[in-house]
Amino acid sequence: MTFLTVLLTLFVERFVQRQRPQREHRWFDHYCRRLAGIPFTQWVMTRRWGAVAIVLPPLLLIAWLQTLFNGLGGLFGLIFGFVILLYSLGPRELGTEVESFLTARDRGNEGPANRLADEFCTGGAPDTEPQRSYAVARTLVVATCRRLVAPIFWFVVFGAVGAAAYRMIQLLGERLQCTGCPDEMQANSDELRYIADWAPARITAAGYAIAGNFDAVAHAWQTFDYVPDTGPIDEAERLLAKTGLAALDTYPNEAEVADGELAGLDAGLLPPVVEDALALAWRSLAVWLAVIAAGSLVAALA
């Protein structure tokens, strides 16, 4: 049942565009604003367990509903799991967003291409090639985990409540970064995000090794520095970027990108780093779908 739920969710996410939900999560914004106006919850968020306490009430409701629907039968459990998992992905569909950028870039529509790249890349993207495409490719191999693999991983482990918990933890961290919250609140939220990303990041990196250049990914993983200067929240992103880009034969080495040696490269000579990164994401996701299918088959036969 888990495999069918994941497969149905990914099919709707990728191919049924009209039925795909607009995941703006406004209810969570409203929920956080209400809590921010209560002195007690402000105090709670300064504790080490504060971030857990904030997301716990809606998760308890989802856990109760999960138990209720599972008790009604397999079909009801599948529908409930499908709805929660679908709303836990994204929030934007990865393939559509990247393909829109590629279309604008290849047609020479620099304005739309720059806008789409800025929206896709956290902190913005360069407005010249090939650095812009390199930035999009780097963001893509990170976003594959946080938009797709991580919610699916926690769904497989804990069901609908696991996928919902991951998305709420990410949403809470993003909201706190934008609101000028106290340092203790953001530090506690970052630690929770680090815990939520730890296993999915390594599973995604393993998928990149299987679906891409295994030797290059293995070397990148072995030489990865696990103590980032900017804190634990960046560890998963750095690991995903290092291993994901190593899996791409068309991505240049870091020194060439940093030194600008490839600046002004002719459009016809631009390596297909974004296209290859997107293909890598789909291949690695297919690998883990096969693993989930095999696990479901073994569980059914046991």
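Every value quoted in this text rests on a predicted model; they were computed, and no experiment measured them. (Residues numbered from 1 in each chain as written. Predicted model: local features only at pLDDT ≥ 70, side-chain atom pairs only at ≥ 80, totals over all residues. Heavy atoms only, no water.)

A. Up close: the overall build of the chain. Across its full length, the chain carries 14 helices and zero strands. Helices and strands in the chain line up, N terminus first, as α-α-α-α-α-α-α-α-α-α-α-α-α-α. Burial analysis of the chain (302 residues in total) assigns 47% to the buried set. Contacts in the chain between residues far apart in sequence, at least 24 positions, make up 72% of those at least 6 positions apart. (Helix = DSSP H or I, 4+ residues; strand = E, 2+ residues; numbered from the N terminus. Buried < 20%, exposed > 50% of the residue type's maximum accessible area, 1.4 Å probe, protein only. Contact = heavy atoms within 4.5 Å.)

B. Just the pattern of salt bridges, in detail. Evaluated as defined, the whole model comprises 16 salt bridges. Between R26 and E24 there is a salt bridge; the shortest N-O distance is 2.6 Å. Looking at E24, the relative accessible area reads 39%, which means it is partly exposed. Note that D197 and R146 form a salt bridge whose closest N and O atoms lie 3.3 Å from each other. Separated by 51 residues along the polypeptide, D197 in helix 10 (residues 183–211) and R146 in helix 8 (residues 131–158) bring together distant segments of the chain. Like D197, the residue R146 is buried in the burial classification. Salt bridges here are not isolated pairs; linked through shared partners, they connect R138, R146, D197 and E237. (Salt bridge = Lys/Arg side-chain N within 4 Å of Asp/Glu carboxyl O.)

C. Structural context of unusual backbone geometry. Between G90 and the following residue, P91, the backbone shows a cis peptide bond with an omega angle of 20°. Inspection of the secondary structure assignment puts P91 in the loop between helix 5 (74–88) and helix 6 (94–106). P130 follows E129 through a cis peptide bond whose omega is 5°. You can see P130 is positioned in the loop between helix 7 (110–120) and helix 8. One non-glycine residue, H25, adopts positive backbone phi at about 55°. According to the relative accessible area criterion, H25 is buried, its value standing at 10%.

D. Examining the packing of aromatic side chains more closely. Inspection of the entire model under this criterion finds seven aromatic pairs. Relative to W154, the ring of F153 lies with its centre 4.8 Å away and its plane at 75°, an arrangement referred to as edge-to-face. Among the aromatic residues, those joined into a cluster by ring pairs are W27, F28 and Y31. Above the ring of F15, the side-chain terminus of R14 is found at 5.9 Å from the ring centroid. (Phe/Tyr/Trp six-rings, centres within 6.5 Å; stacked < 30°, edge-to-face > 60°. Lys NZ or Arg CZ within 6 Å of the ring centre and 35° of its normal.)

E. Seen up close, helix 8. End to end, helix 8 covers 40 Å across 28 residues, agreeing with the expected 40 Å (1.5 Å per residue, within 8%). At V149, helix 8 shows its maximal kink, close to 40°; a proline, P151, follows between one and four residues later. Of all the 28 residues making up helix 8, 23 are buried; the element is thus mostly covered by neighbouring parts of the structure. (Expected span 1.5 Å × (residues − 1). Bend = angle between axes of the 7 residues up to and from the residue.)

F. Layout of the packing of helix 7 against helix 8. In the contact formed by helix 7 and helix 8, the axes pass within 10 Å of each other and the chain directions differ by 40°. In this view, helix 7 runs oblique relative to helix 8, as classed from their interaxial angle. For the pair helix 7 and helix 8, the sense of crossing is left-handed. In this structure, helix 7 uses E110, A113, N114, A117 and F120 to contact helix 8, whose residues at the interface are R132, V136, T139, L140 and R147. (Axes fitted to C-alpha atoms, helices over the stretch in contact; angles between N-to-C directions. Parallel < 35°, antiparallel > 145°, perpendicular 65-115°, else oblique. Left-handed = near helix turned anticlockwise from the far one by under 90°.)

G. Spatial organisation of the nonpolar core. Of all hydrophobic cores here, the largest spans 78 residues; its most connected members are L10, F101, L140, I152 and V274. Here F101 is in contact with A113, L116, A117, E129, R132, S133, V136 and V274, once residues within four sequence places are set aside. (Core = buried A, V, L, I, M, F, W, Y, C linked by side-chain atoms within 4.5 Å.)

None of the figures reported here should be taken as evidence of function without further support.
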